[in-house]
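# Structural overview
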Amino acid sequence: MNIVVCIKYVPDAQAELTFNASDNTTDRLGVEGLLSELDEYAIEAGLKLAEAAAGGVAENTVTVLTVGPDKAADAIKKALQMGAHAGVHVSDEAIHGSDAAATSLILAEAVKKIGSPDLILTGMASTDGSMGVVPAMLAERLGLPQVTLAAELTVDGGTVIIRRDGDTASVTITASLPALVSVTDQINEPRYPSFKGIMAAKKKPVETWSLADLGLDAGSVGLAAAWTKVESFTKRPPRAKGQIVTDEGDGGTQLAEFLTTHKFV
Amino acid sequence: MAEVLVLVDHVDGMVRKTTLEMLTIARRLGEPSAVFIGAGLDAAKEVLAQYGAEKLYGFESADYDDYVVAPKAEVLAQLVTSASPAAVLMTSSPEGKEIAGRLSIKTESGLITDAVDVQAGEGGAVRTTQSVFAGGYTVQATVTKGTPIITVKPNSVAPEAVSGAAVEQAVEVSISEGAKGARITDRKPRAATGRPELTEAAIVVSGGRGTAGDFSKIEEFADSLGAAVGASRAAVDAGWYPHTSQIGQTGKEVSPQLYVAAGISGAIQHRAGMQTSKTIIAINKDEEAPIFELVDFGVVGDLFKVLPQATEAVNKAKG
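Structural notes, computed from the coordinates. (Residues numbered from 1 in each chain as written. Chains lettered and ligands numbered in written order. Predicted model: local features only at pLDDT ≥ 70, side-chain atom pairs only at ≥ 80, totals over all residues. Heavy atoms only, no water.)

### Focus: the interface of chain B and chain A
In many analyses, interface size is given as the accessible surface area lost on bringing the parts together. To keep things clear, this is the line we draw: Residues are treated as being in contact if the distance between any of their heavy atoms lies within 4.5 Å. Here the quantity called buried area is the accessible surface, traced with a 1.4 Å probe, that two parts lose on coming together, added over both. Whenever Lys or Arg places a side-chain nitrogen within 4 Å of a carboxyl oxygen from Asp or Glu, that contact is recorded as a salt bridge. Counted as a polar contact is a pair of N or O atoms within 3.5 Å, where, for protein atoms, one must be capable of donating a hydrogen and the other of accepting one, and residues adjacent in sequence contribute only when both atoms are in side chains. Polar here means any residue outside two lists: the nonpolar Ala, Val, Leu, Ile, Met, Phe, Trp, Tyr, Cys and Pro, and the charged Asp, Glu, Lys and Arg; Gly therefore counts as polar. Each pair of strands is called paired provided DSSP finds at least two bridges between the two strands. Labels follow the DSSP assignment, with helices taken as runs of H or I lasting at least four residues and strands as runs of E lasting at least two, numbered in each case from the N terminus.
In this assembly, 86 residues from chain B lie in contact with 75 residues from chain A. Area buried by chain B at its contact with chain A is led by Phe133, Tyr137 and Phe297 of chain B, which between them contribute 11% of it. The tally of links from chain B across to chain A stands at seven salt bridges. A salt bridge links Asp165 of chain A to Arg190 of chain B, with the nearest nitrogen and oxygen atoms 3.9 Å apart. Taken together, chain B and chain A are joined by 42 residue pairs in polar contact (both at pLDDT 80 or more). In the side of chain B that touches chain A, the residues fall into 35 nonpolar, 28 polar and 23 charged. Of the pairings in the sheet, the one linking strand S14 (residues 243–246) of chain A to strand S17 (residues 297–300) of chain B comprises four bridges and is parallel in character.

Right under this line is the structure:
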């Protein structure tokens, strides 16, 4: 079984995110970045499947794929330290400012160049843009079924089975391989890289591809080719300082009074 | 006037409030056309007409409910071609976003997700407002290619009842075999709580680490206000409350009239899910908790003392 896990290098969620004033894109260089936390669950899911399949990690490979600036190599490194076999980094200056549609195009072409994986895994969303649409777009481009937001994942022969916990029901979704699966943060507990894993990662193959390597024209991606445009952005004004009381036996009563005054009761 | 397609968000014909909100938004951009996919069309007709649907495209088959999102995207793509709408609106739920994602690629059209406002701009442009970076910024955006596809967050506008003709349109669509690749093979319904759905609720009361696993006071207070119950990631990870109730970056984003955070410190991941709430109240033992930076009203104190007292006072005030 060949598994490709799509991962993203994102600005640290604890950092103050902002925009580049010149072109209204996310400022990805001014802040510290890291492997998106939600992608760790996808990597872990891939490693677990490879370990459990016949032949184990010797015959079942996990390749991580990312699209991003030079520093995105850090995300690949972390995935290799966790146990992934190989990494592919698509990096090209023309990619700057790409929207979700263009990102899915680059990922789709890279997946085709890697080969024909049995399974493509992703996290549920990135922790920066957090649109959560790239998995569906990628599945559409590759003509694959998508089974998303898996809280449980099993592969049985040529079939993938997931459990998704929805608002009204917990459902089982089944698809034939090849398929695209996105996983939630409920599916597993991602492993920390071991010392052995960190040493082994240094010898693992990482390929860096440009748009030309994928047969993509620079004009088909990036900010100028985006299908949407950020017209303006404004920093949200800080909320006006509210009234804060310390409970001295009547805190609940005061709270109820606030609710009555503001017509919530 | 051009049509605006609204994908009806429903459960077996029970139309969700978000649909009525989208019909209200659609009237700003053109003539609302409701697109109903799934089982239960008859039950939905009346309310769709009451909220201004001029046309009604019905595709009624239980099959659609079993094949996840791909067939719905195919139906919409065919309607985009035949009706040339000014925009396509759907709910900003995981399913809505996935349908939108597939539709965007099929029709080579720009997609904007999580809009909290949609207005008609100059020259027929559709201008959206979104809240990004954990609510730290507000962004105005437009679609520059194809048919604008917008997913709208629940509670973005107040639904306005306006009578519409809701004329049923007979349209033949075809669904490819490829779209039937993923199928729901089993459903285990959740026990109904009797409380409103989180993303639609006007009031949400959430509990966190400070509950130490006992949500009874949170639930009693929520019930006194007719509110939905949410939970922080810490409470969900500890197994105290189901993941479907999680508020925050990896759970649900809510934007109610009133949000009450009890025993929640207010980490950035949580704030991303509730920062756009209109009024915010917090109860926390720690006066330094970051959640107090957001509140309109805060109580520094023990939620197990403050909430029961407030519940009693609210129940008394209701008479």
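### A word on the pattern of salt bridges
For side chains of opposite charge, pairing can occur when their charged atoms come near one another. In plain terms, the rule: Think of it in three bands: with a 1.4 Å probe and only protein chains considered, a residue is buried below 20% of the maximum accessible area for its type, exposed above 50%, and partly exposed in between.
Following the criterion strictly, the structure yields 37 salt bridges over all chains and no others. Notably, a salt bridge pairs Arg27 of chain B with Glu160 of chain B, separated by 3.8 Å at the nearest N-O pair. Separated by 133 residues along the polypeptide, Arg27 of chain B in helix H1 (residues 17–29) and Glu160 of chain B in the loop between strand S10 (149–152) and strand S11 (167–169) bring together distant segments of the chain. On the basis of relative accessible area, Arg27 of chain B is assigned to the partly exposed category, the value being 25%. Through salt bridges with shared partners, a single network forms among Glu37 and Asp185 of chain A together with Arg233 and Asp237 of chain B.

### Overview of the sheet that holds S14 of chain A
Where we set the bar: In this analysis, axes come from line fits to C-alpha atoms, helices being fitted only over the stretch in contact, and the angle between any two N-to-C directions falls in the range 0 to 180 degrees.
Taking strand neighbours across the sheet as the criterion, the six strands line up as S14(A)-S17(B)-S16(B)-S15(B)-S13(B)-S14(B) in an open arrangement whose pairing is parallel. Of all the strands in the sheet, the pair left with one neighbour each is S14 of chain A together with strand S14 (228–231) of chain B. Ignoring which end each strand starts from, the neighbouring axes of this sheet average 15 degrees apart. In the packing of helix H9 (residues 303–318) of chain B onto the sheet, contacts are made with strand S15 (258–262), strand S16 (279–284) and S17 of chain B, and the angle to S16 of chain B comes to roughly 130 degrees.

### Points about the sheet that holds strand S5 (residues 55–59) of chain B
Ordered by their spatial adjacency, 10 strands build an open sheet running S13(A)-S9(B)-S8(B)-S7(B)-S10(B)-S6(B)-S1(B)-S4(B)-S5(B)-S11(B), and the pairing between neighbours is mixed. The outermost strands of the open sheet, each flanked by one partner alone, are strand S13 (228–235) of chain A together with S11 of chain B. Adjacent strand axes in the sheet meet at a mean angle of 35 degrees, parallel and antiparallel pairs treated alike. As judged from the three bridges shared by strand S7 (residues 111–120) of chain B and S10 of chain B, these two strands associate in the parallel manner. Its bridge partner being in S10 of chain B, Ala115 of chain B is matched across the sheet by Val152 of chain B. Along the sheet face, helix H2 (residues 41–50) of chain B touches strand S4 (31–37), S5 and S11 of chain B and points at about 165 degrees away from the line of S5 of chain B.

### Quick word on the packing of helix H6 (residues 216–225) of chain B against H9 of chain B
Residue and element names in this part refer to chain B. Applicable threshold: The scheme is simple: roughly parallel for angles under 35 degrees, roughly antiparallel for over 145, roughly perpendicular for 65 to 115, oblique for anything else. Left-handed is the label given to a crossing in which the near helix is rotated counterclockwise from the far helix by less than a right angle, and right-handed is the label when the rotation is clockwise.
Here H6 crosses H9 at 20 degrees, and the two axes come no closer than 9 Å. Judged on the interaxial angle alone, H9 and H6 are roughly parallel. With respect to the hand of their crossing, H6 and H9 are arranged in left-handed fashion. Only Phe304, Leu307, Pro308, Ala310, Thr311, Val314, Asn315 and Lys318 of H9 make contact with H6, whose side of the interface consists of Lys217, Ile218, Glu220, Phe221, Asp223, Ser224 and Leu225. Split into classes, the residues belonging to the contact of H6 with H9 amount to eight nonpolar, three polar and four charged.

### Concerning the packing of aromatic side chains
Geometrically, a pair of aromatic rings is defined through the distance of the ring centres and the angle of the planes. This is how it is decided: The criterion for an aromatic pair is that two Phe, Tyr or Trp rings (for Trp, the six-membered ring) have centres within 6.5 Å, with stacked assigned to planes under 30 degrees apart, edge-to-face to planes over 60 apart and tilted to the rest. Any Lys NZ or Arg CZ that is within 6 Å of a ring centre and within 35 degrees of that ring's normal is treated as a charge sitting over the ring.
Counting across every chain of the model gives five aromatic pairs over all chains. On the basis of an interplanar angle of 20 degrees and a centroid distance of 4.3 Å, the ring pair of Phe215 of chain B and Tyr241 of chain B is categorised as stacked. Of this pair, Phe215 of chain B sits in the loop between strand S13 (203–207) and H6 while Tyr241 of chain B sits in the loop between helix H7 (233–237) and S15, and the two are 26 residues apart along the sequence. Across the pair, exposure class does not vary: Phe215 of chain B and Tyr241 of chain B are buried alike. One Lys or Arg, Lys113 of chain A, reaches over the ring of Trp209 of chain A and ends 5.0 Å from the middle of that ring.

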